[in-house]
Amino acid sequence: MRQLSSYDKQAMKNINWGEEGRLDRTKEIEQDVQESNERLPATDSELLQHLAAGTASSTGVDFFNSLVRHVAFALRVRYAFVTECTDATLTRVRTLAFWMGKDFGDNFEYALADTPCENVIAGDICYYPKDLQTLFPKDEGLAEWKAESFLGIPIRDSCGGILGHIAVIGDKPMPDKPRGISVLQIFAARAGAELERKRAEERLRGAYDDMRCVTTELRAMLDVNRAIGRHLERDALFGALASCLQGLLRTDRFGIELPLGNDKLHGHLLTPHSGG
């Protein structure tokens, strides 16, 4: 059995679990980043093991949170986030998880134009080791973050389409030769699988809700037909119709307009009758 190295032990130490089994943020991350390099992954192989240890048991939102936190720690950068595209135009993204140095930040949505992320969503791996604000002067957020460097990896679906991206931003220059690109591509593939699963679940929930609405509407129509078929007197019929409609609209009274001739209508107020 492989023995855990110092960075493995540190990664495992930083994984804290709440009462519901969800990954909780740690207070030690800032101290970890400032400690000696021997605690940090030095090679791509070590980086892979570090990220695998930190994300292996996580899925969904917990996976994205764990990924950005461990990527930021491993690459010694202040900011890391994972995004998904908001629509088919690939012009806007929203973050699914955002690590901002000491804690998770609120998720946000932004336009890609004139940002270092634009070419990543176009399908390129982008690396800017220094002078990031000079390269993208219209991106005001970079100035607010005092950003100096950037690495972005596209996230693709199983057919190769762009779903979003992983981005890391440093407030210091990065090495001229990028680190960990092949490893981040592996985790971008995992993120793509998580995004596809997330979207599939959303579609299933939407289909279930649609089916439930259709079922409710069909039941109301059958009830209306039954009420009409009972040949009730007017007031009883109107009360029965109102009771049927309550399954669709949560209100106590309904209005109906019936033709009188000469293009005139007569309005009636429908009130449900107990026992319809």
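Being a predicted model, the structure only gives us computed values, none of them experimental. (Residues numbered from 1 in each chain as written. Predicted model: local features only at pLDDT ≥ 70, side-chain atom pairs only at ≥ 80, totals over all residues. Heavy atoms only, no water.)

(A) Structural detail: the pattern of salt bridges. Tallying each qualifying case throughout the model produces 7 salt bridges. Between R92 and E109 there is a salt bridge whose closest N-O contact spans 3.0 Å. Linking R92 in strand β4 (residues 92-100) with E109 in strand β5 (residues 109-111), this pair joins segments that are 17 residues apart in sequence. Overall, R92 belongs to the partly exposed group, its relative accessible area being 31%. Beyond isolated ion pairs, a larger network of salt bridges with shared partners links R78, D171 and K172. (Salt bridge = Lys/Arg side-chain N within 4 Å of Asp/Glu carboxyl O. Helix = DSSP H or I, 4+ residues; strand = E, 2+ residues; numbered from the N terminus. Buried < 20%, exposed > 50% of the residue type's maximum accessible area, 1.4 Å probe, protein only.)

(B) Representation of the state of the cysteines in the model. Under the counting rule described, the total for this entry stands at 0 disulfides. Unpaired in terms of disulfides, C126 finds its nearest cysteine sulfur in C117, a separation of 8.8 Å. (Disulfide = S-S within 2.5 Å.)

(C) How the structure looks around the sheet that holds β5. In spatial order, the strands read β5-β4-β3-β8-β7-β6; together these 6 strands make up an open sheet with antiparallel pairing. Looking at which strands have only one partner, the edges of the open sheet turn out to be β5 and β6 (126-128). Averaged over neighbouring strand pairs, the angle between their axes works out to 25 degrees when direction is ignored. Bridge analysis of strand β7 (residues 149-156) against strand β8 (residues 162-170) gives 8 bridges, and the strand direction is antiparallel. Along β8, the bridge assignment pairs I155 with G164. (Pairing = 2+ DSSP bridges. Axes fitted to C-alpha atoms, helices over the stretch in contact; angles between N-to-C directions.)

(D) Molecular detail of the packing of aromatic side chains. Going through the model one piece at a time under the given rule, you end up with 14 aromatic pairs. Taken together, Y79, F81, F98, F108, Y110 and W145 form an aromatic cluster joined through their ring pairs. (Phe/Tyr/Trp six-rings, centres within 6.5 Å; stacked < 30°, edge-to-face > 60°.)

(E) Spatial organisation of unusual backbone geometry. One non-glycine residue, D114, lies in the positive phi region at around 65 degrees. Along the chain, the position of D114 falls in the loop between β5 and α5 (118-121). Overall, D114 belongs to the partly exposed group, its relative accessible area being 39%. The backbone phi angle of K146 is positive, close to 55 degrees, even though this residue is not glycine. With respect to the element layout, K146 can be found in the loop between α7 (140-145) and β7.

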